[in-house]
Amino acid sequence: MSEPLPLPAIHASHAGTWLRDSNGSTRGCSKGEAVMAAADTPLLLLNAPLVANRLGYPDLSGLDLLELFAFVRPARFCVPTPKGLAEALDLAVPDSDDEVPLLLQRAAARMMEICESTDWAERDVAWSTLQSLARLRWPWAQVLAPHVRKPERAEKWLFSRLPEWEEAPERAQPQQVALDELAVEGHLERLTGEGAEKREGQRLFARGAGSVFAPRAQDKRPHVLLAQAGTGIGKTLGYLAPASLWAERSGGTVWVSTYTKNLQRQLRRESTRAWPERRADGSRPVVVRKGRENYLCLLNLEDALQGGFSGRPAILAQLVARWAAYSQDGDMIGGDLPGWLGTLFRKRGIAALTDQRGECVYAGCPHYRKCFIERSARASAQADLVIANHALVMVNAARGRDHAQRPTRIVFDEGHHVFDAADSTFSAALTGQETIELRRWIVGPERGNRGRRRGLAARLADIASYDEAGGEAIKAAVAAAQDLPSDGWLARLADGTPMGPLEALLAQVRATTYARDESGQEAGYGIETETASLPGELVEAAGTAAQALAAIRTPLMKLAGRLEAVMADAPDWLDGQGRARIEGARHSLAWRIDLLAAWEALLSRLGGPADADFVDWLAVDRNDAREFDIGLHRHWVDPMKPFAHTVLEPAHGVMLTSATLTDRGEEGPDWPHAVARSGATHLEIAPRTSQSDSPFDYANRAEVLIVTDIRRGDIAGLAGAYARLIEASDGGVLGLFTAIRRMRAVHGRIADRLARAGLPLYAQHVDPIDTGTLTDIFRDDPRASLLGTDALRDGVDVPGRSLRCVVMESVPWPRPTILHRARRAAAADEPGGAKGHDDRIIRARLAQAFGRLIRTREDAGHFVVLSSAFPSRFLSAFPDGTPVIRLTLAEALQRVAHGVHAVTGSETESA
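Cut-offs and rules
Residues numbered from 1 in each chain as written. Predicted model: local features only at pLDDT ≥ 70, side-chain atom pairs only at ≥ 80, totals over all residues. Heavy atoms only, no water. Axes fitted to C-alpha atoms, helices over the stretch in contact; angles between N-to-C directions. Helix = DSSP H or I, 4+ residues; strand = E, 2+ residues; numbered from the N terminus. Parallel < 35°, antiparallel > 145°, perpendicular 65-115°, else oblique. Left-handed = near helix turned anticlockwise from the far one by under 90°. Contact = heavy atoms within 4.5 Å. Nonpolar A, V, L, I, M, F, W, Y, C, P; charged D, E, K, R; others polar. Pairing = 2+ DSSP bridges. Phe/Tyr/Trp six-rings, centres within 6.5 Å; stacked < 30°, edge-to-face > 60°. Buried < 20%, exposed > 50% of the residue type's maximum accessible area, 1.4 Å probe, protein only. Salt bridge = Lys/Arg side-chain N within 4 Å of Asp/Glu carboxyl O. Arc of directions from axis to C-beta.

*Asks:* How do you make sense of the packing of helix H13 (residues 298-308) against helix H14 (residues 312-324) when you look at a structure like this?
*Replies:* Describing two packed helices takes the angle between their axes plus the distance from one axis to the other. Following both chains from N to C, one finds H13 and H14 inclined at 135°, their axes separated by 9 Å at the closest point. With respect to H14, the axis of H13 lies oblique. Here H13 and H14 pass one another in a crossing that is left-handed. Between H13, through Leu301, Ala304 and Leu305, and H14, the contact on the second element is made entirely by Ala317, Gln318, Val320 and Ala321. Residues of the contact of H13 with H14, tallied by class, amount to 6 nonpolar, 1 polar and no charged.

Structure representation (structure tokens):
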């Protein structure tokens, strides 16, 4: 075992605070004493923001072991807890909080040993990076310096070390092949392997999935399959079997789309059964594809390394550069960059290193041939399987740069989320944040702002100098964009001094929204109002703003035409890279032109008759009483209408699958509603449907407990119930809330009490840790519990003992927003009416939450709802045979403490 590094260490949890001196003695101390010690000398600690949060001292800094791990082991996984760090470094896991400071000293020493060892896999560029970090006064630099030897030869800079992607010929259209059901079954058996359990449900599911790959009989009439597959069916391999068989025989590409990053990671693992890591020519048959904003932008990184960042963000940039040299694909959000790294630096440093603003200069970038984003896009064009997300598939179908690469065979896993993804993708929002981003894209940096932001004039300077009409269009667009909001717009609106027609419109939106608000303007919540009977001042401001937007759109359209003309009659100096850059610029221009047109259409509606297809409203977005955006919003009443014409029409085969694809009312699965939510009815297509029930024994492995003696609105009672349930379960509880404020209140009341019993409690929006990392921590510690909101309801996959109890604070009623009200009204003529619309939403949420509980045949646990009046019509959300018991909290605690056991029919209701 490593000898402890002789530096003082601190550990803080909800159970207390411990200090260890450099000479080797550990003692408990008060928060005040710990803060004083940290102010006197740099202390070893783990996750500085979390320790600062628990000590109530936001300015805490020190020698953070996570930062050191990011330097020593870039692109490697580590759960950011004492246990996780110990396991990552092959050290003994501490048994109690008071042993953690010693672990921190040993972990630091272990990483020093790694740096000194001859087989340190990440030695390259370590010395050079450390010199840069020393100049930035990184606290670890002086400690590390004696342990990282200077290389004999000068180390290559990151941008010289990264490999270049290579051009590849355009892939031929796939051959038209039909898959025989027996061939699909045989391929499934090969993928599952000899001796694997034969699952009849999986076999039938795979046979049905093969039908979507049949040749299309009519233009704009794809094969559509809705396949409901209960948890445990094995649906991932069930659709990968026909997908891989079709890709092999046809030479085509299948896109599998997910809603959560967890499922993307699972798919990448499962795909190794069907495809090798690389083909014989070195290319990858399976590619994970995400939106541009997920990947490291090398130009942004170069700017950050050369002075664009200062202080702590500059240190982050150096650690990200270190990671980039070892990253598999440059994916910063959900890839191999530790999710906790960005949170250590508190500001939006990670986002600033991605292409958040859509300002890519494509072939004009000096790092274009090494770009992670371009590499991913080109790899997907040659891949057999592209693993993407719902939003990217929809955006790619709507405005992909290359028509030949648009998805035509698509499997939407987590298909119950396609409606929500389409709702977001095909909506329009004319807000302050959106307009200021458009201004930055056109105008570039203003008033000496640092950074690499470049406006149109800088990105297309050579075209402007060659083509006079194009140059004039750029000048006109830049001049017109001065009417868009600029930095400081929120403060000006609050002061009543808006500048320009768009800020004047937003000021009217803000005034009208506040004037009509009837919620009491409760701090922390956004407010909204419908666009009906609007004041004349707002309608007049909208007209002026629409003219300003048209004045921007017109020169952008002219510029797009000039770029097309330059491509058609290219000058001698326009090489292949220049053509690629112009193609990229044309794509970006088309996107902004469409955006401006959508905004103008939204404004033209104000003061006029309503459009039955759309819902429009005004909103002021707030967080903890702070306004952060203001604007107008437009959503489709039924977003599956644009989805059908944009995604389904061009496709040849589409499959939507999920464990909760249909609503399970009292009469059974509601397939007509599921078909309507697929978009197929807008193309007058009758999709095939299939259902495979879960093989799990819910009757003996799960219980639904409805606690009837917790009063609504009783925060003390609610907190007490959560604490006692966590104690009874000995941790392993996932607590789901419908309001962040109640979750924070409950966490604040019970975290210390539970920690003293050795039961760690984490919470979204409380702990300064991203949601993915919180889930990793929860999964890693069977005694930990996690509180969260909607993001955890179906984004968590924690099989085994780490999750053995799900607790919902109440019935998950839908929020009464303007959009919800409009869709509820539209459902009035459907079976079940408006009430049925709400019931379907609630049952879907309950089913998704219950699905977190049982992930494997060995899992068992309780699903607890703290609701005194849980309507019986919602019980059908749970799998058939699941015992449902209405009981008091005291009785529920006994059942949770004793584990799941058989119950008599007299005790239960039918699920």
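Following the structure, the description resumes.
*Asks:* Which parts of the structure should I look at to understand the sheet that holds strand E19 (residues 702-707)?
*Replies:* Adjacent strands of a sheet form backbone hydrogen bonds with each other and so pair up, either parallel or antiparallel. Pairing is parallel across the open sheet formed by 7 strands, whose spatial order is E21-E22-E20-E23-E24-E19-E25. At either margin of the open sheet sits one strand with a lone partner, and together these are strand E21 (761-763) and strand E25 (884-887). For this sheet the average axis-to-axis angle between neighbouring strands, irrespective of direction, equals 20°. Direction of pairing for strand E20 (residues 733-736) relative to strand E22 (residues 785-788): parallel, over a ladder of 3 bridges. Opposite Leu736, over in E22, you have Gly788 as the bridge partner. Against the sheet, helix H32 (residues 740-756) makes contact with E21 and E22, and its axis sits at roughly 160° relative to E21, the strand it touches most.

*Asks:* What should I look at first to understand the packing of aromatic side chains in this one?
*Replies:* Working definition: an aromatic ring pair is given by the centre-to-centre distance plus the angle between the planes. If you walk through the whole model with that rule in mind, you get 14 aromatic pairs. Seen in terms of ring centroids, Phe614 and Trp636 are 4.5 Å apart; in terms of plane orientation they differ by 50°. Their pairing is tilted. Here Phe614 is found in strand E13 (residues 614-623), whereas its partner Trp636 is found in strand E14 (residues 626-636), with 22 residues between them in sequence. Using a relative accessible area of 18% as the deciding quantity, one classes Trp636 as buried. Members of the aromatic cluster, each reached through a chain of ring pairs, are Phe696, Tyr698, Phe850, Phe863 and Phe878.

*Asks:* What is the right way to look at the pattern of salt bridges in this model?
*Replies:* Proximity of charged atoms lets side chains of opposite charge pair with each other. Per the counting criterion, the structure on display carries 47 salt bridges. Across the pair Asp329 and Arg268 runs a salt bridge whose closest N-O atoms are separated by 3.2 Å. With Asp329 in the loop between H14 and helix H15 (339-343) and Arg268 in helix H12 (residues 261-271), the pair connects residues that are 61 residues apart, well separated along the chain. Its salt-bridge partner being Asp423, residue Arg823 comes within 2.6 Å of it at the nearest N-O pair. Pair noted here: Arg823 is in helix H34 (residues 818-826) and Asp423 is in helix H19 (residues 418-425), with a separation of 400 residues, a long-range link.

*Asks:* Can you help me understand the sheet that holds E14 in this one?
*Replies:* With antiparallel pairing, 4 strands are arranged side by side in an open sheet as E11-E14-E13-E12. Looking at strand neighbours, the two that pair on one side only are strand E11 (428-431) and strand E12 (527-530), the edges of this open sheet. Looking at each pair of strands side by side, their axes are set apart by 25° on average, direction ignored. Of the strand pairs in this sheet, E13 and E14 are connected by 10 bridges, and their pairing is antiparallel. Following the sheet pairing, Asp616 is matched in E14 by Arg634.

*Asks:* Can you walk me through helix H36 (residues 889-898) in this structure?
*Replies:* Turn by turn, an α-helix covers 3.6 residues, leaving residues three or four places apart pointing in a common direction. Listing the buried residues of H36 in full gives Leu889, Ala892, Leu893, Arg895 and Val896. Burial along H36 is one-sided: seen end-on, the buried residues are contained in an arc of 165°. For H36, exposure combined with an orientation more than 90 degrees from the buried face picks out Gln894 and His898. Where H36 is buried, its residues meet E19, helix H31 (715-729), strand E24 (861-866) and E25. Following H36 by one or two positions, Gly899 adopts a phi angle in the positive range, close to 85°.

*Asks:* In this structure, what is going on with the pairing of strand E23 (residues 805-808)? I would like to understand it.
*Replies:* The side chains of a regular strand alternate, first on one face of the sheet and then on the other. Residues of E23 alternate between two faces, with Cys805 and Val807 on one and Val806 and Met808 on the opposite face, all of them buried. Bridge analysis of E20 against E23 gives 4 bridges, and the strand direction is parallel. Bridge pairing links Leu734 to Val806 in E23. Here E23 pairs with E24 via 4 bridges, running parallel. Residue Met808 lies in a different strand from E24, and its bridge partner there is Val865.

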